[in-house]
Amino acid sequence: MSPFVPKDWKDWPDTSTPRDAAALEDQETRLAAYTDTTAAALTATGLASARPAANAVPAGSIYVASDTGEVSRSNGSAWTSAGYVGVQARQRNVQVFTISGTWTKPAGAASDPTARTYGHIVGSGGGGGSGARRASGTAISGGAGGGPGGYTAFDMLTSALAATATVTVAAAGTPGSAVTTDNTNGNSGGAGGDVTVNDGAGVQVGARGGNGGAGGSTGTSNGGSSNGGLYGGTTGASGSPGAVGTGASDRVEPGPAGGAAGGGVNAGGTGQNGGNRSYERATVSGGGGFGIAPGGNGPSAHPGGWPMHSGSYRIGMCGGGGAGNGAGAGGNAGACGGYGAGGSGGGASLNGSNSGAGAAGGGGICIIITEWGG
């Protein structure tokens, strides 16, 4: 008898095969041992990176990527996406940079033409200036607030990005140090650095750092400016001779806040309060706060403004300005909270006592989120 050759299932039974008892018995034996190798090749599972070439499998073959959930179908020459399976059909990858580093495109997103990459970039804030230290009889100013870093949001198809991108996070502005020498103006705060993303293939996005606040003097100490991003922040507050420190301006949504100014000392030798720290909204519990004369330190900032990704990564707010003091040391500025705020200014003092130091600017940050599948 000729060897049995099974036909397509849709053609079964084969009416040309003899139906005598011996033939049926032989047919039963052969069917029991028959392995449908073509059907077995139709479905395979493995890592997305291990998917075989489309022309290496029969047309109609299906491959399920165990790490991404993507289902692909081969037409014999190319794979096409047929959707996703699994409870985590929509996947998310979050990469956070508070120092410079390299962003890497997630493997699953690289194979999904609908994947999107979006995120938040905040430039580093400028430092606050320190207060002046001068002789009694002349009105002097506290240090000015530093300018905030800019804020930029972005959203694009992941396919527009190269496989990696260089993320640069430059340092925050240094604080103006306390003046320890008589008849000396305050020290200015340092400028904050830029935060950028560059994939080397045409995609560049970033936010600029803020300028430092000027040190106190017998004149006005000018607040640092925000050099901007997609959304520029407010300018740091300026300090006026002999006056209460100017409070931080309300933030320009959604950017960080500029720093508050330190309190001065008037011509009569009386120290003045520092400027108010920033707060997100008037309804925030405990909003505001400043160094109380004579010589009080400014309070630290609230934890930060609105969350960019989670409660751990918030838009920056400044601390309170240090108070001036006509009979002792000037108050130091309160520390920033969150990312990108300008540092506040320190309070002024008279000869024989140190002026108050400014606060460092808030550090920059870059958060890159990629989603795919679903």
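Refer to the preceding data block for the structure.
The following paragraphs examine the structure supplied in this document. Keep in mind that this is a model prediction, so the values were computed, not measured.

How each quantity is defined
Residues numbered from 1 in each chain as written. Predicted model: local features only at pLDDT ≥ 70, side-chain atom pairs only at ≥ 80, totals over all residues. Heavy atoms only, no water. Helix = DSSP H or I, 4+ residues; strand = E, 2+ residues; numbered from the N terminus. Buried < 20%, exposed > 50% of the residue type's maximum accessible area, 1.4 Å probe, protein only. Contact = heavy atoms within 4.5 Å. Areas by Shrake-Rupley, 256 points an atom, 1.4 Å probe, with all protein chains shown as cover. Pairing = 2+ DSSP bridges. Axes fitted to C-alpha atoms, helices over the stretch in contact; angles between N-to-C directions. Salt bridge = Lys/Arg side-chain N within 4 Å of Asp/Glu carboxyl O.

### Notes on the overall build of the protein chain
Tallying secondary structure elements over the protein chain gives 3 helices and 14 strands in all. Relative to its full complement of 374 residues, the protein chain shows a buried share of 48%. A separation threshold of at least 6 residues defines the contact pool for the protein chain, and within that pool the share at least 24 residues apart is 66%. As presented, the protein chain carries roughly 15,700 Å² of accessible surface, and 51% of it is formed by carbon and sulfur atoms.

### Quick notes on the sheet that holds strand E2 (residues 62–65)
The strand order E1-E2-E3-E4 describes an open sheet built from 4 strands, whose pairing is mixed. At either margin of the open sheet sits one strand with a lone partner, and together these are strand E1 (43–46) and strand E4 (79–84). Across the sheet, the mean angle from the axis of one strand to that of its neighbour is 25°, orientation sign disregarded. Summarising the sheet, E1 and E2 pair through 4 bridges and their orientation is parallel. Paired with Gly46 across the bridge in E2 is Ala65.

### Points about the pattern of salt bridges
Taken as a whole, this structure holds 5 salt bridges when the rule is applied. The shortest N-O distance in the salt bridge between Arg116 and Asp155 comes to 3.0 Å. Of this pair, Arg116 sits in strand E7 (residues 116–122) while Asp155 sits in strand E9 (residues 151–157), and the two are 39 residues apart along the sequence. Looking at Arg116, the relative accessible area reads 33%, which means it is partly exposed. Three or more residues joined by partner-sharing salt bridges are found here, namely Arg90, Arg92 and Glu371.

### With respect to the sheet that holds E7
Taken in spatial order, the 4 strands of this open sheet run E5-E14-E7-E9, and their pairing is antiparallel. Strands with a single pairing partner mark the edges of an open sheet, and in this sheet they are strand E5 (90–97) and E9. For this sheet the average axis-to-axis angle between neighbouring strands, irrespective of direction, equals 10°. Here 7 bridges tie E7 to strand E14 (residues 365–373), and the two strands are oriented antiparallel to one another. In the sheet register, Ile121 faces E14, and the bridge partner there is Cys366.

All quantities given are derived from atomic positions and should not be read as evidence of function.
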